[in-house]
Amino acid sequence: WISLGMFYILCKNPEFQVGSTVMIRTEESKLSALPGMDMLQSFGFAGGGRVVESELYILNSQNLMGQVIDDLDIQTRYRKKKGLRYIEQYPSSDIRMVYPPLFTDTMNYHLRFVVSKRANDYKVRFKYGRKLRDSFVIKDLSDSICTPVGTFSFKECCTLEDGDKMKINILPKMSTIEYYRENLKACQVEKSSNVLEISTITSNPRKAIDMIELLIDLYNQDSMTDKRLLTESTGTFIDERLRLISAELTNIE
């Protein structure tokens, strides 16, 4: 048992907790004091502040996480063997996958490549889903690899040494979104607080920090867009009401 425990420790990557906080600025108290806001609220205009629970839903939405994945280009994971462990390479990696056109948007199953550098060539193992698997020997990483689901190749960004081994994994887009959403937790610091905490347990702190920072940035952009649209809608509504009131007053006169 001791030997198995030591083997597990040597194979498992160390994990770290990474987190950040974001404050939801609600302005309902200020706006409710403005003349005419009761009338606006009765027509569905809440005044600019959204409920914290709604903000949590937006912050953890598939849409925002999808943007984070696209912007950071993390749908594909690159891991290089070091000792008994496979260490994820981010933001750069020794090699990069070259996919068939639109493949990442239409794939249905988990795709994995294992690339092993040998003295005079590369051995590449391929697996797609549970049934499709094969192995190839290529002289150069840029050589085409023809599989039942398309033709792939690799771009060597850093020269691999003899004995180097890399794993490349890619999940369908929705599976990738759900994977990161499950691992990235967003919650209120306190039940009645407007401060939200975003945290995750990760073996790659740099990647987690970039994801959280970008998620908050995209959330802020989304919030600003919503406020602008709300302001424009409110202004349009007030202008229309004033026009109708002016017309009624003119008729009365």
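Residues numbered from 1 in each chain as written. Predicted model: local features only at pLDDT ≥ 70, side-chain atom pairs only at ≥ 80, totals over all residues. Heavy atoms only, no water.

Draft legend 1. Spotlight on the environment of Phe136. Relative to the helices and strands, Phe136 is located in strand β7 (residues 132-138). On the accessibility criterion, Phe136 (16% relative accessible area) is buried. Residues contacting Phe136, with those up to four places away along its chain left out, are Tyr122, Lys123, Val124, Phe126, Ile145, Cys146 and Thr147. (Helix = DSSP H or I, 4+ residues; strand = E, 2+ residues; numbered from the N terminus. Buried < 20%, exposed > 50% of the residue type's maximum accessible area, 1.4 Å probe, protein only. Contact = heavy atoms within 4.5 Å.)

Draft legend 2. Layout of the environment of Val22. Secondary-structure assignment places Val22 in strand β1 (residues 16-23). Residue classification places Val22 among the buried residues on the basis of a relative accessible area of 7%. In sequence terms Val22 and Tyr219 are 197 residues apart; their C-alpha atoms lie 9.8 Å from each other. Contact partners of Val22, with chain neighbours within four places excluded, come to Leu59, Asn194, Val195, Leu196, Ile198, Ile216 and Tyr219.

Draft legend 3. Summary view of the packing of aromatic side chains. Evaluation of the coordinates by the stated rule reveals 9 aromatic pairs. Geometrically, the ring pair formed by Tyr109 and Tyr128 is edge-to-face, given 5.6 Å between the ring centres and 85° between the ring planes. Of the two residues, Tyr109 sits in the loop between α6 (103-106) and β5 (111-117) while Tyr128 sits in strand β6 (residues 122-128), which places them 19 residues apart along the sequence. The class of Tyr128 is buried, set by a relative accessible area of 9%. Among the aromatic side chains, those forming a connected cluster through ring pairs are Tyr99, Phe103, Tyr109, Phe113, Phe126, Tyr128, Phe152 and Phe154. (Phe/Tyr/Trp six-rings, centres within 6.5 Å; stacked < 30°, edge-to-face > 60°.)

Draft legend 4. Summary view of the pairing of β5. Of all 7 residues in β5, 6 are buried; the element is thus mostly enclosed. Here β5 runs beside β6; their pairing, made up of 7 bridges, is antiparallel. Residue Val114 lies in a different strand from β6, and its bridge partner there is Arg125. Between β5 and the antiparallel strand that follows it, β6, lie 4 residues. Strand direction decides the pairing type here: β5 and strand β10 (residues 165-170), joined by 6 bridges, are antiparallel. Note that in β10 the partner of Val114 across the bridge is Lys167. (Pairing = 2+ DSSP bridges.)

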